[in-house]
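# Observations on the three-dimensional arrangement
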Amino acid sequence: MSKRVLSCWRFLGVRPAGEFCALLLAVVAGPAFGQEDETIRQYQFEPAASGYRLALKEVPRPEAGAGRVLVRVRATSLNRRDLNMMNRDYDPEYNVAGGIPLSDGAGEVIAVGPGVTRFEVGDRVTGIFFERWIAGPPSADALASDRGGNAGGMLSEVVVTHENSLVRIPEHLSYEEAATLPCAALTAWVGLFKRGGLQRGQYVLLEGTGGVSAFGLIFAAAAGARPLITSSSDEKLKRAEKMGAVGIVNYRSNPDWQSLVRELTGGHGVDQVLDIGGRDTLPKALEALAYGGHIALIGGLSGYGSDLPTDSIMWINATVSGVYVGSREDFEAMNAFISEHRIRPLIDRQFDFEHAQEAFDYMQSGSFMGKIVIRIGV
Ligand SMILES: NC(=O)c1ccc[n+]([C@@H]2O[C@H](COP(=O)([O-])OP(=O)(O)OC[C@H]3O[C@@H](n4cnc5c(N)ncnc54)[C@H](OP(=O)(O)O)[C@@H]3O)[C@@H](O)[C@H]2O)c1
C-alpha cells in the first residue's frame, strides 16, 4: 500500500515533504504504527552483576534533523559480538551502558530531515555496520562508529541515523532477511571476494555453521566455488551439504580435521579460508591451505593469538588478511552480488521484540545454524 501511494506521487512528478507523506501513509495503511506516538520502545544495555542485561525503555520519539533519516525498524539480527558485548567479554573501557544493542537491522524510512537526498519516505533500508565508513580504507574515526557499540544500535522501534549510513535492501529480500546482512554477510563477502579474489572452482573452507560461515557457504556456492565446512554437529553438516557444501567434517569427532579437509580436496588443499576460530583453528587451517592460498582472519571463538608457523606462510606463498566487516561501498557491492544471484540468507529462528532476551539465550546455547532474527512490530 505504501509503495503504491509513493508511486502515485512520483507519477504526478512531485515529492511530498517527508512528515506529510509519513502521515498520509499512516492514514492510508491503517494503524500499523503510531506515527503520532510521542514515545517509542527500545532496549538499552543496563549494567548487571555480570556484564549487561537488556532493559526495555520507553523513550521520546526521535526526530530527523538535518541530513538525518527516521527509520521504523522491522527486524534486527544477532551476531556473536552482541553476545560478547552483553557478557562484557571485551575491553572494560568499551562501556556500552545505556546504548541500544545490535548492529544489524532493517526497516522503512518514515521521515527525512532537511537536506536529505539519498532516501525518501517508504524506502526499504538496512543500516551499515560502521556509520562513518563509507568507502576506501577505514580510519580511526570510521572504526569508532560501530553500531550497537560506540554508536547506537537497532533494537528499537524507531532509530534516527545519518542518511549516509544506510543502504537500500535488495528487492527480493524481506526485512528479516535484510537484517542479517550488515555484519556477518559483509564480513564473509569481503573475506572471500575483496580480499581473497575468489575464483570459480576454488576450494573454500568454512569453520562451523554460525552467521559468518553460513554466509561464506552460500556465497561460495553461488560463485561456483567448492565450499567445505566443519561443524560439531552431524545434523548441521547434512544441512550444509544440501546448501552446496562439497565436503563436510565434524571437527569435534575429528580433532585433526585439517587432514580430512585436505583429503577431500584430493590433496590440493583449500584456496580460501574464513577463519572464525582463531587460536585453535588458525594453525590447522594453515595446514589445510593450498599453495598460494588465502586466509581471512575474522574471529576468535577459541580465543585470539596463536603459535602460527609463520615460515609455512612464506613457503606456501600464502596471503593472510585481517577483515573487520567493511564499508558502505563494500555493502553495496555485496548487495549487487546478492541481487544477481537471488541469494537468500539462512535464518534459523525468529523472535518477537518482546522476547529479545530469548534470542540472546538461544545464541548462547549454540544450537542454531546461520542467523537469529528479532522482529519488531509484526
Ligand atoms: N572481524 C569481523 O569483522 C567479524 C565479523 C563478524 C564476526 N566476527 C567474529 O567471528 C566469529 C564468528 O562470528 P559469528 O557471528 O559467525 O558467530 P556465531 O554465529 O555465533 O557462530 C557460532 C558457531 O561457530 C562454530 N564454532 C564455535 N567454536 C568453533 C571452533 N573452535 N571451531 C570451529 N567452529 C566453531 C559453531 O558451529 P557448529 O555449531 O556448527 O559447531 C558455533 O555454533 C566470532 O569470533 C566473531 O566475533 C568477526
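See above for the structure.
Structural notes, computed from the coordinates. (Residues numbered from 1 in each chain as written. Predicted model: local features only at pLDDT ≥ 70, side-chain atom pairs only at ≥ 80, totals over all residues. Heavy atoms only, no water.)

## Focus: the overall build of the protein chain
A count of helices and strands for the protein chain gives 13 helices and 15 strands. In terms of overall dimensions, the protein chain is globule-like: its C-alpha atoms have a radius of gyration of 21 Å, near the 21 Å expected for 378 residues. The burial tally for the protein chain puts 56% of its 378 residues in the buried class. Partitioning the contacts of the protein chain with sequence separation of at least 6, the portion at a separation of at least 24 is 69%. Counting every atom, the protein chain has about 16,300 Å² of accessible surface; 51% of that belongs to carbon and sulfur. For the protein chain, the distance from the average position of its 37 positive side-chain charges to the average position of its 44 negative side-chain charges is 4 Å. (Helix = DSSP H or I, 4+ residues; strand = E, 2+ residues; numbered from the N terminus. Rg over C-alpha atoms; globule rule 2.2 N^0.38 Å. Buried < 20%, exposed > 50% of the residue type's maximum accessible area, 1.4 Å probe, protein only. Contact = heavy atoms within 4.5 Å. Areas by Shrake-Rupley, 256 points an atom, 1.4 Å probe, with all protein chains shown as cover. Lys, Arg positive; Asp, Glu negative; His and termini not counted. Charge placed at Lys NZ, Arg CZ, Asp CG, Glu CD.)

## Some words on the site of the ligand
Among the 25 residues in the neighbourhood of the ligand, the closest are listed as T209, S231, S232, Y251 and V323. A distance of 2.6 Å is found between an oxygen atom of the ligand and a side-chain nitrogen or oxygen belonging to S231. V325 is positioned such that a nitrogen or oxygen atom in its backbone is 2.8 Å from an oxygen atom of the ligand. Taking 920 Å² as the accessible area of the ligand by itself, protein coverage stands at 88%. Elements with a contribution of two residues or more to the shell around the ligand: α6 (181-195) and α7 (211-222). Considered class by class, the residues forming the shell around the ligand number eleven nonpolar, eleven polar and three charged. (Near = heavy atom within 4 Å. Polar contact = N/O pair within 3.5 Å; in protein donor to acceptor, adjacent residues only side chain to side chain. Nonpolar A, V, L, I, M, F, W, Y, C, P; charged D, E, K, R; others polar.)

## Some thoughts on the sheet that holds strand β9 (residues 226-231)
An order of β10-β9-β8-β11-β12-β13 is seen for the six strands of this open sheet, with the pairing classed as parallel. With partners counted over all chains shown, the strands left at the sheet margins are β10 (247-250) and β13 (319-322), one partner each. When the angles between neighbouring strand axes are averaged without regard to direction, this sheet yields 15°. Summarising the sheet, strand β12 (residues 289-297) and β13 pair through four bridges and their orientation is parallel. By the bridge assignment, L297 is partnered in β13 with G322. Most of the contacts of α6 go to strand β11 (residues 270-275), to which it runs at about 150°, and overall it touches β8 (203-207), β11, β12 and β13. (Pairing = 2+ DSSP bridges. Axes fitted to C-alpha atoms, helices over the stretch in contact; angles between N-to-C directions.)

## With respect to the pattern of salt bridges
Under the counting rule described, the total for this entry stands at 17 salt bridges. Note that R72 is salt-bridged to E108, the shortest N-O span being 3.9 Å. One end of the pair, R72, is in strand β3 (residues 68-77); the other, E108, is in strand β4 (residues 104-112), with 36 residues separating them in the sequence. On the accessibility criterion, R72 (5% relative accessible area) is buried. The buried category is assigned to E108, whose relative accessible area is 9%. Each of R41, E157 and E354 takes part in a single network of salt bridges with overlapping partners. (Salt bridge = Lys/Arg side-chain N within 4 Å of Asp/Glu carboxyl O.)

## Section: the pairing of strand β15 (residues 371-375)
For β15, the buried fraction is high: four of the five residues fall into the buried class. Bridging between β3 and β15 involves three bridges; their strand directions are antiparallel. From the neighbouring strand, T76 faces β15, where its bridge partner is I374. Where strand β14 (residues 347-352) and β15 come together, five bridges link them in parallel fashion. Residue I347 lies in a different strand from β15, and its bridge partner there is K371.

## Examining α6
In this model, α6 (15 residues) spans only 18 Å end to end at C-alpha, well below the 21 Å of a helix rising 1.5 Å per residue. The largest bend in α6 is about 25°, located at W189. Extensive coverage of α6 is indicated by the burial of 13 of its 15 residues. One or two residues past the end of α6 sits G197, with phi positive at roughly 55°. (Expected span 1.5 Å × (residues − 1). Bend = angle between axes of the 7 residues up to and from the residue.)

Read these as layout, nothing more, since geometry by itself doesn't imply function.
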